[in-house]
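Summary of structural features
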Amino acid sequence: MTPTGFKDKNGKDICVGDTVKFRSKKFRMSGKGIVLEDKQFGYVIKDTRTECKSRNIGRMYLFCNFDESEYEVISELKGEKQ
């Protein structure tokens, strides 16, 4: 598990492979997805929701510390390979 340097709202480290819920008050968006490492942007969240409109599936979201975004780890990878 590779730590991203970000923490969730409970102070838990967010790692690559974790599933997180997030909400951005500034940009008025929320979602749920898996944390991935990206060569261009560092770390991203790939939307995995299936209950939403198809346009969101697979969408990539950047981690944003500057806009009061809130993250919550809801499932950990626990050392499994991706």
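Refer to the preceding data block for the structure.
Right, let's walk through the structure included here. (Residues numbered from 1 in each chain as written. Predicted model: local features only at pLDDT ≥ 70, side-chain atom pairs only at ≥ 80, totals over all residues. Heavy atoms only, no water.)

1. Remarks on the pattern of salt bridges
- All told, the structure shown has six salt bridges when counted by the stated rule.
- The shortest N-O distance in the salt bridge between Asp-13 and Lys-7 comes to 2.6 Å.
- Taking the relative accessible area as the measure of exposure, Asp-13 reaches 42% and is therefore partly exposed.
- Across the pair Lys-12 and Glu-76 runs a salt bridge, and its minimum N-O distance is 2.7 Å. Highlighted residues: Lys-12 in the loop between strand 1 (3–7) and strand 2 (13–15) and Glu-76 in the segment after strand 7 (70–75), separated in sequence by 64 residues.
- Assessed through its relative accessible area of 37%, Lys-12 is described here as partly exposed. (Salt bridge = Lys/Arg side-chain N within 4 Å of Asp/Glu carboxyl O. Buried < 20%, exposed > 50% of the residue type's maximum accessible area, 1.4 Å probe, protein only. Helix = DSSP H or I, 4+ residues; strand = E, 2+ residues; numbered from the N terminus.)

2. Quick look at the sheet that holds strand 4 (residues 29–38)
- With antiparallel pairing, the five strands of this open sheet are ordered in space as 6-5-4-3-7. With one partner strand each, in any of the chains shown, strand 6 (60–62) and strand 7 form the two edges of the open sheet. Here the strands of the sheet are splayed against their neighbours by 40° on average, with no regard to which way each runs.
- For strand 4 and strand 5 (residues 42–47), the ladder comprises six bridges, and the chain directions are antiparallel. Following the sheet pairing, Glu-37 is matched in strand 5 by Tyr-43. (Pairing = 2+ DSSP bridges. Axes fitted to C-alpha atoms, helices over the stretch in contact; angles between N-to-C directions.)

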